[in-house]
Amino acid sequence: MLDIARRHTADPLFRLVAYALESAHDRPPATVWSAPHAFHLGSPHLVAAAGWPVAAAAAPREDGIVRLSSLAHPAHSCELPLGGPPSPHPDWAARTYALLRTMARHGYGRGGIDLHIHSTLSAATGLSSAEPLECAVALAVAGLHAGRSRPRPPRGRLAALARAAAPGGNEALREAVLFARPDRALLLGEHGRRRVRFDPAEYGARLMLLVTRGESPDPGDIRRAVASARRAGATAAWWPGLRPERSALVLLPQDRVSDIRTSVAEEFRTGGHRVPRFVNISVAGAARREE
């Protein structure tokens, strides 16, 4: 078992989820993985990964039981069977439970698992946590059981299992989560994926996520925020998903970042609207394991 929770050289996120697994299930993890959130860049076929991950700490079981917990839902941990009909479970665990059952049917992780998950971004940012969560969990399960009943499956195989468990997921975002590289975007086409240079700093710019506030913002809110940022000097903007929702990616000249943020805030306050947030986005690499 790994002692990541007390390893001072480990990534703080890995230490956090390792400690959380121990606290929730009274055992240390055997593996810890992180998988980045991903976003579109103005096209359904152009995607990249963000330096804001989802992490999963896991330990194997041999009784066919899944114990799930999450820092975001501390009062709603659950213990569920892998075999037989699915048991009632909280909404937050539905996607993970479906994936674990699908993987078990295909021979991965039939013995069960203790699993703790944590996302560094909330749903309020508008970036989907579903694809990084699926990938982090799938990689953790595959890693735990590699060398037992079968070898570690390739990442493409794990993507196919995630697709079978959640057919409504975004395939392009899964590609970015599993195969991204720092400062690169993935261009997806009929002949596979191609990496293209995407490093805003090379052009004296900073990539940021512009996020509207409120429980149920109108899509018009994010359009208003983007227009405000463009008037203040933002050089480009894209929806991180396939349509306007509650956030947008904006490219800001490095020497104008503070001025643009101030201008947008003042315009929204003057208009009686809640001031949107700006979140720094680094163009990150793919899912990885803490060694």
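It should be noted that the structure appears before, not after, this text.
Numbers given to residues run from 1 along each chain, matching the order in which its sequence is written. Only residues with pLDDT of 70 or above have their local features reported here, since the model is predicted, and side-chain atom pairs are shown and tallied only from 80 upward, although totals for entire chains, interfaces and linings are computed over all residues. Heavy atoms throughout the structure, all of them, feed into the side-chain values; hydrogens and water do not.

Colleague: Just to check I follow, could you spell out helix 4 (residues 155–165) for this structure?
Modeller: Residues lying three or four places apart along an α-helix face the same way, a consequence of the helix completing one turn every 3.6 residues. For the exposure calls, accessible area comes from a 1.4 Å probe over protein chains only, and a residue counts as buried if that area is under 20% of its type's maximum, exposed if over 50%, partly exposed in between. Under the scheme used here, helices are H or I runs from DSSP no shorter than 4 residues and strands are E runs no shorter than 2 residues, and both carry numbers assigned from the N terminus. The set of residues buried in helix 4 consists of Leu158, Ala159, Leu161, Ala162 and Ala165. All buried residues of helix 4 fall inside an arc of 160° around its axis, so they share one side. Between two residues, a contact is recorded if the distance between any of their heavy atoms is within 4.5 Å. Residues of helix 4 that are buried make contact with helix 2 (94–105), helix 3 (130–145) and helix 5 (171–179). By arc we mean the arc of the directions from the helix axis to the C-beta atoms, nothing more.

Colleague: Please clarify how the pairing of strand 3 (residues 65–70) should be interpreted in this entry.
Modeller: In the case of a regular strand, side chains alternate between the two sheet surfaces. Summarising burial for strand 3: six of the six residues are buried, a large majority. Residue alternation in strand 3 divides its side chains into two sets, Ile65, Arg67 and Ser69 and Val66, Leu68 and Ser70, and both sets are buried. Criterion used throughout: strands pair if DSSP finds at least two bridges between them. Here strand 3 pairs with strand 4 (residues 78–81) via four bridges, running antiparallel. Pairing of Val66 across the sheet is with Leu80, part of strand 4.

Colleague: For this particular structure, what's the right way to read the packing of helix 2 against helix 3?
Modeller: The description of two helices packed together rests on the angle between their axes and the distance between the axes. To get an axis, a line is fitted to the C-alpha atoms, and for a helix only the part in contact is used. The angle between two axes follows their N-to-C directions and goes from 0 to 180 degrees. At a closest axis distance of 10 Å, the pairing of helix 2 and helix 3 adopts a crossing angle of 35°. Remark: the crossing between helix 2 and helix 3 carries right-handed chirality. Together, Arg95, Thr96, Leu99, Leu100 and Met103 of helix 2 and Ala130, Glu131, Leu133, Glu134, Val137, Ala138, Val141 and Ala142 of helix 3 make up the contact between the two elements. For the contact of helix 2 with helix 3, the class distribution of residues is nine nonpolar, one polar and three charged. Crossing chirality is assigned from the near helix's rotation relative to the far helix, an anticlockwise turn below a right angle marking it left-handed and a clockwise turn marking it right-handed. Classification used: nonpolar for Ala, Val, Leu, Ile, Met, Phe, Trp, Tyr, Cys and Pro, charged for Asp, Glu, Lys and Arg, polar for all others including Gly.

Colleague: Sorry if this is basic, but what is going on with the environment of Ser247 here?
Modeller: Structurally, the position occupied by Ser247 is in strand 10 (residues 247–253). Residues Ser247 and Gly107 lie 140 residues apart in sequence; the distance between their C-alpha atoms is 39 Å. If we ignore the near neighbours within four places in the chain, the residues touching Ser247 are Thr125, Gly126, Leu209, Leu210, Val211, Ile222, Trp239 and Pro240. Nitrogen and oxygen atoms within 3.5 Å of one another constitute a polar contact, given that in protein one can donate a hydrogen and the other can accept it, and given that sequence-neighbouring residues count only through two side-chain atoms. A distance of 2.8 Å separates a polar side-chain atom of Ser247 from the backbone oxygen of Thr125.

Colleague: I would appreciate a short explanation of the nonpolar core in the present structure.
Modeller: Nonpolar side chains in soluble globular proteins tend to end up buried together. What is meant by a nonpolar core is a set of buried Ala, Val, Leu, Ile, Met, Phe, Trp, Tyr and Cys residues, joined one to another through side-chain atoms within 4.5 Å. If you look at the biggest cluster of nonpolar residues, it comprises 47 residues, and the most contacted ones within it are Leu68, Leu100, Met103, Ile113, Leu115 and Val137. With residues near it in sequence (within four places) discarded, Leu100 still touches Val66, Leu68, Leu82, Ile113, Leu115, Val137 and Val141. Listed in part, the 19 residues of the second largest apolar core include Leu121, Leu127, Val211 and Val283.

Colleague: Please explain the side chain of Arg246 as it appears in this structure.
Modeller: Note that Arg246 resides in the loop between strand 9 (236–238) and strand 10. Taking relative accessible area as the criterion, Arg246 reaches 14% and is therefore assigned buried. In terms of polar contacts, Arg246 uses its side chain to reach the backbone carbonyl oxygen of Ala124, at 2.8 Å. Every residue in contact with Arg246, bar those within four places of it in the chain, is listed here: Ala123, Ala124, Thr125, Gly126, Leu210, Val211, Thr212, Arg213, Gly214, Glu215, Pro217 and Ile222.

Colleague: I tried to follow the packing of helix 6 (residues 219–232) against helix 7 (residues 257–270) on my own but got confused; where do I start?
Modeller: Running from amino to carboxyl end, helix 6 crosses helix 7 at an angle of 130°, the nearest separation of the two axes being 9 Å. What the angle tells us is that helix 6 and helix 7 run oblique. Considering how the two elements wind past one another, helix 6 and helix 7 form a crossing that is right-handed. Contact residues: Asp221, Arg224, Ala225, Ser228, Ala229, Arg231 and Ala232 in helix 6; Ile260, Ser263, Val264, Glu267 and Phe268 in helix 7. Taken together, the residues of the contact of helix 6 with helix 7 sort by class into six nonpolar, two polar and four charged. If an angle is under 35 degrees, it is roughly parallel; if it is over 145, roughly antiparallel; if it lies from 65 to 115, roughly perpendicular; otherwise it is oblique.

Colleague: Help me understand the sheet that holds strand 10 in this model?
Modeller: For sheets, the rule is that strands pair by backbone hydrogen bonds, running either parallel or antiparallel. In space, the four strands of this open sheet follow the order 9-10-8-11, with antiparallel pairing throughout. Here the strands that pair on one side only, and so sit at the sheet edges, are strand 9 and strand 11 (277–280). Adjacent strand axes in the sheet meet at a mean angle of 30°, parallel and antiparallel pairs treated alike. Pairing of strand 9 with strand 10, which is carried by three bridges, proceeds in the antiparallel orientation. Counterpart to Ala236 in the pairing with strand 10 is Leu251. Lying over the sheet, helix 6 contacts strand 8 (205–211), strand 9 and strand 10, oriented at roughly 150° with respect to strand 8. Across the sheet, helix 7 is in contact with strand 8, strand 10 and strand 11; its angle to strand 10 comes to roughly 135°.

Colleague: It is not clear to me how the environment of Arg101 should be interpreted in this structure. Could you clarify?
Modeller: Following the sequence through the fold, Arg101 ends up in helix 2. A relative accessible area of 10% means that Arg101 is categorised as buried. A C-alpha to C-alpha distance of 5.5 Å links Arg101 and Leu82, two positions 19 residues apart in sequence. With near-sequence residues (within four places) excluded, Arg101 lies in contact with Pro81, Leu82, Gly83, Gly84, Pro85 and Pro86. Separated by 3.3 Å, the side chain of Arg101 and the backbone oxygen of Pro81 make a polar contact.

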